[in-house]
Amino acid sequence: MTKHISISKGIAAVVLTLAGASSWAADQQLIKQGEYLARAGDCFACHSVTGGKPFAGGLGMATPIGKVYSSNITPDKKAGIGDWSFADFDKLMRTGVTKAGYTVYPAMPYPSYSRLSDADMKALYAYFMQGVQADPTPNRKSDIAWPLSMRFPLTIWRWMFAPKPAPYQAPAGTVANTASAQLLRGAYLVEGLGHCGACHTARGIGMQEKALTSLDSTQYLAGGQVIDGWAVPSLRNEHGGGLAAWSQADIVAFLKTGRNGHTASFGAMNDVVAHSTQYLTEADLTSIAAYLKSLPARNDAKPFVSDPTVAQALYNGKPATAGALTYLNKCAGCHRSDGMGYAKAFPALAGNAVLQTADATSAINIILSGGAVPATHTAPSSLTMAPYAKELNDEQIAEVVNFIQTSWGNKGGTTTASQVAKLRKTATPVQPLTAAAYAAGRSGTLPRPIVEAGPIDKRDTK
């Protein structure tokens, strides 16, 4: 009898051990899923600063009334969110209301995050609680002066502009098939966690996005903002600054490497590629591309038509204007006399979507500050263009910008020396975007062995 009891206890112990191992493996899978989602949401780029710890906050973001700073979202119990329940986390992500009860500034795109599925929200919570290193860096107060710093107007803003928080639902009448599933996945990523509209959709007088989804209006993802000195392009399937000339493969290549045969990333998009989109699966990138190509044109712009006149003049050493001469001396070595550049090394200027819009801000800024394409896993070389702010005066930059915006068939707008002078005041020389520059975003989070992580408290995720 004693022997049978002993064997039964042994079997029970094995069963419990196996059950515990299975639970631990499930927890690790949940954390791993959460890491992927945090990458898709580009959480690192906003909640980390150069030289700081991952997700410890402190990044300054300019607003019309002053600068606000991102918060510490590590699991530190005092400075971070370590004592937040899943309900607290879910409430912030869907409504913008913190555990303390105040509404955050809409610099956090909670109107987009509100569309996350319950399963994805639980995975994100698991990751930030168990897959991120706690850090005690205190949160920094905003630079907004009183009385503008009072929080109650943010509650009114939320009532007026934020959508009803609810997980993403397929539009009524959607037919279930492989193609629709791909488009729905793309919409879920772009309109939700990817919060692409936060930059690529114009803002209203209340600083609200004029459209939050493709169903709201054709203003969604039609560009129109200027952020940190960069004009934000359209992501719709249109000419005159959009993605009509790009294939799905072009979009996937750009999101994976920051470059393709049409252009190269610049400004804040470098962070998106380096910290976020390069980590997405081929299936998700393809879904995003399919969704963007499905967005109808908002404008009536015509396709780019190449005009060889200027290219021939430059090739023969006969620049017709002062801007053409500057281009020949400073730019043609990399971008060629015909403006076609060199494949994925030096982007084409002829037909470049960024140069087809009325706003020449990006062209001015890239000449003043220079440009850099980040090193990624699949394209490890970081390509840098030196700044010309010290070599060219305001008039010279205006002349070469006007040449670039209107040559080879480009239909972009022109600029003036006074506009260049205004941007020069805030221009910052670009730094090479090497793999080392993004080391914190890669090594500070998973994949690293999580042997120290205990089981997730499943009571908090129900």
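Residues numbered from 1 in each chain as written. Predicted model: local features only at pLDDT ≥ 70, side-chain atom pairs only at ≥ 80, totals over all residues. Heavy atoms only, no water.

Attention now goes to the confidence of the model for the protein chain. Chain-level statistics for the protein chain give a pLDDT mean of 86 and a share of 87% at 70 or above. Considering only residues more than four positions removed or in separate chains, one finds that residues 443–462, a stretch of pLDDT under 50, has 42 contacts. (pLDDT = per-residue confidence, 0-100. Contact = heavy atoms within 4.5 Å.)

Next up on the list: a nonpolar patch on the surface. Taken together, the side chains of Trp146, Met150, Phe152, Ile156, Trp159 and Met160 present a nonpolar region at the surface, about 760 Å² in accessible area. Checked against the element boundaries, Met160 lands in helix α6 (residues 152–161). Exposure remark for Met160: the relative accessible area of 57% places this residue in the exposed category. (Patch = residues over 30% accessible without salt bridge, like charges linked within 9 Å, V, L, I, M, F, W, Y side chains within 5 Å. Areas by Shrake-Rupley, 256 points an atom, 1.4 Å probe, with all protein chains shown as cover. Salt bridge = Lys/Arg side-chain N within 4 Å of Asp/Glu carboxyl O. Helix = DSSP H or I, 4+ residues; strand = E, 2+ residues; numbered from the N terminus. Buried < 20%, exposed > 50% of the residue type's maximum accessible area, 1.4 Å probe, protein only.)

Moving on, we get to the packing of aromatic side chains. Summed over all chains, the structure comprises 16 aromatic pairs. Plain terms: the ring middles of Tyr327 and Phe403 are 5.3 Å apart, the flat faces sit at 45° to each other, and that makes the pair tilted. Within this pair, whereas Tyr327 is found in helix α13 (residues 322–330), its partner Phe403 is found in helix α16 (residues 394–406), the two being separated by 76 residues in sequence. Using a relative accessible area of 0% as the deciding quantity, one classes Tyr327 as buried. We classify Phe403 as buried; its relative accessible area is 7%. Centroid distance Phe403 to Trp408: 5.5 Å. Interplanar angle 75°. Geometry classified as edge-to-face. In this pair, the class of Phe403 matches that of Trp408, namely buried. These aromatic residues form a ring-pair network of at least three members: Phe44, Phe55, Phe86, Phe89, Tyr125, Tyr127 and Phe128. Its end group placed over the ring of Tyr279, Arg39 keeps NZ or CZ at 4.0 Å from the ring centre. Positioned above the aromatic ring of Tyr342 is the side chain of Arg336, whose terminal nitrogen or guanidinium carbon lies 5.4 Å from the ring centre. (Phe/Tyr/Trp six-rings, centres within 6.5 Å; stacked < 30°, edge-to-face > 60°. Lys NZ or Arg CZ within 6 Å of the ring centre and 35° of its normal.)

Our next topic: the layout of surface pockets. In this structure, the second largest pocket occupies an estimated 580 Å³ of space. Of all the elements in the fold, those that place two or more residues in the lining of the second largest pocket are α14 (332–335), α15 (361–369), β5 (371–373) and β6 (383–385). For the lining of the second largest pocket, the leading source of residues is α15, giving four residues. (1 Å grid on protein atoms, 1.4 Å probe; cavity = no way out; pocket = protein on both sides within 12 Å on 5 of 7 lines; lining within 4 Å. Points joined across faces, edges and corners; volume = space filled by probe spheres on them.)

Listed under "binding site: heme c 2" (unreviewed entry) in the UniProt record, and renumbered for this structure, are Cys196, Cys199 and His200. Along the polypeptide, Cys196 turns up in the loop between α7 (178–193) and α8 (197–200). Looking at Cys196, the relative accessible area reads 24%, which means it is partly exposed. Along the polypeptide, His200 turns up in helix α8. Setting aside anything within four residues of it in sequence, one finds His200 in contact with Leu221, Ala222, Gly223, Gln225, Val232, Pro233 and Leu235. (UniProt positions renumbered as here; feature names shortened; annotations may be inferred.)

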